[in-house]
Amino acid sequence: MSKKIRIAVQKSGRLQEQSVKLLKECGLSFSNGPNRLKTETYNFPAEILFLRDDDIPQYVEDNVADIGIVGENVFIEKQKDISLIERLDFSKCRLSIAVPREKDYEGIASINGKKIATSYPNIVQQFLTENNITAEIHEISGSVEIAPGIGLADAICDIVSTGSTLLSNGLKEVETVMKSEAVLIANNTLDAETQVLLEKLIFRIKAVNTAKN
Ligand code: PRT
Ligand code: ZN
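Here's a quick rundown of the structure. (Residues numbered from 1 in each chain as written. Chains lettered and ligands numbered in written order. Predicted model: local features only at pLDDT ≥ 70, side-chain atom pairs only at ≥ 80, totals over all residues. Heavy atoms only, no water.)

## Thoughts on the sheet that holds strand β9 (residues 155-160)
No. 1: Reading across the sheet, the five strands line up as β8-β7-β9-β6-β10 and stay open at both edges, with mixed pairing between neighbours. Edge positions in the open sheet fall to β8 (136-139) and β10 (171-180), since each of these has one partner strand only. Neighbour-to-neighbour, the strand axes of this sheet turn through a mean angle of 25 degrees, independent of strand direction.
No. 2: As judged from the five bridges shared by strand β6 (residues 93-100) and β9, these two strands associate in the antiparallel manner. Bridge pairing links Ala-98 to Ile-156 in β9. (Pairing = 2+ DSSP bridges. Helix = DSSP H or I, 4+ residues; strand = E, 2+ residues; numbered from the N terminus. Axes fitted to C-alpha atoms, helices over the stretch in contact; angles between N-to-C directions.)

## Looking at the sheet that holds strand β1 (residues 5-10)
No. 1: As summarised here, the arrangement of the six strands in space is β2-β3-β1-β4-β11-β5, forming an open sheet in which the pairing is mixed. With one partner strand each, in any of the chains shown, β2 (38-40) and β5 (82-87) form the two edges of the open sheet. Pairwise comparison of adjacent strand axes, ignoring direction, gives a mean angle of 30 degrees for this sheet.
No. 2: Here strand β4 (residues 67-71) pairs with strand β11 (residues 182-187) via five bridges, running antiparallel. Opposite Ile-67, over in β11, you have Ala-186 as the bridge partner.
No. 3: Where helix α1 (residues 16-25) meets the sheet, its contacts fall on β1, β3 (46-51) and β4, and the angle it forms with β1 comes to roughly 150 degrees.
No. 4: Against the sheet, helix α6 (residues 192-212) makes contact with β1, β4, β5 and β11, and its axis sits at roughly 30 degrees relative to β5, the strand it touches most. (Contact = heavy atoms within 4.5 Å.)

## Describing the layout of surface pockets
No. 1: Reported here for the largest pocket is a volume of approximately 1,100 Å³.
No. 2: Broken down by element, the lining of the largest pocket gets its largest block of residues, four residues, from helix α3 (residues 72-78).
No. 3: Two domains each provide a minimum of three residues to the lining of the largest pocket, namely domain 1 (5-91 + 181-212) and domain 2 (93-180). (1 Å grid on protein atoms, 1.4 Å probe; cavity = no way out; pocket = protein on both sides within 12 Å on 5 of 7 lines; lining within 4 Å. Points joined across faces, edges and corners; volume = space filled by probe spheres on them. Domains from an automatic or database assignment.)

## As for unusual backbone geometry
No. 1: Backbone geometry at Asp-89 places phi at a positive 70 degrees, although glycine is not the residue there.
No. 2: Its location among the elements puts Asp-89 in the loop between β5 and β6.
No. 3: Judged by its relative accessible area of 36%, Asp-89 falls in the partly exposed class.
No. 4: Of note in the backbone geometry, Asn-132 takes a positive phi value of approximately 55 degrees without being a glycine. (Buried < 20%, exposed > 50% of the residue type's maximum accessible area, 1.4 Å probe, protein only.)

## As for the pattern of salt bridges
No. 1: All chains considered together, the criterion is met by 11 salt bridges.
No. 2: Here Glu-40 makes a salt bridge to Lys-4, at a shortest N to O gap of 3.0 Å. One end of the pair, Glu-40, is in strand β2; the other, Lys-4, is in the segment before β1, and 36 residues separate them in sequence.
No. 3: Taking the relative accessible area as the measure of exposure, Lys-4 reaches 26% and is therefore partly exposed.
No. 4: With its nearest N and O atoms 3.9 Å apart, the salt bridge here joins Glu-47 to Lys-38. (Salt bridge = Lys/Arg side-chain N within 4 Å of Asp/Glu carboxyl O.)

See the structure below:
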């Protein structure tokens, strides 16, 4: 039996639809019923695994999946020994620091000694270190935007797309920490056969994305 490349994509959420669409545009055909965790593809030797996005970098590092599609923010935050292979040009957003609208903000030094709520503690810490800022990071897994309003933090660092979530929570965006989009990630120790399949797939992804632009 010849080798199949194992591709991890988000099971449900903001990346799911376009990840599946991209793979289908690359000529992989498969059915993705809502309760399937794993599905075989026709036309291309692959297997698709449907997982939570946060778990994908670990699965790729552990060689449970060979490659995966996640937000660049998740790839950077997880700090796994894996590689970013290709930017995919969808799910674009930014990770930004925001503070209550009524608070004065005079540059990054205003964050000194403050408490920042975020789901991205590693990225935030790196940003603070680069800017010589000392602040307390409070890690929370969701509803970060409400943290200042309930007295949990002075500022937040969260994903922003249109900015309407910040607006409706009385916050203003003051610093962009990073820009993000969906990325293809890969295990660093793929065997030769899997590497060939990955290269075929990258070739097709590039062709699909070039045709779109
Ligand atoms: O269940 P699972 O763990 O797999 O999914 P998840 O809930 O962790 O992630 P999901 O599906 O919400 O997002 C997956 C990825 O999509 C993120 O890691 C980002 O790379 C990307 N992405 C793009 C976004 C957004 N846009 C986005 N707008 N992720 C989240 N948001 C949220 C943000 O957290 C905030 O609450 O939308 C709100 C802000 O949006 P605006 O338009 O109001 O600014
Ligand atoms: Zn997640």
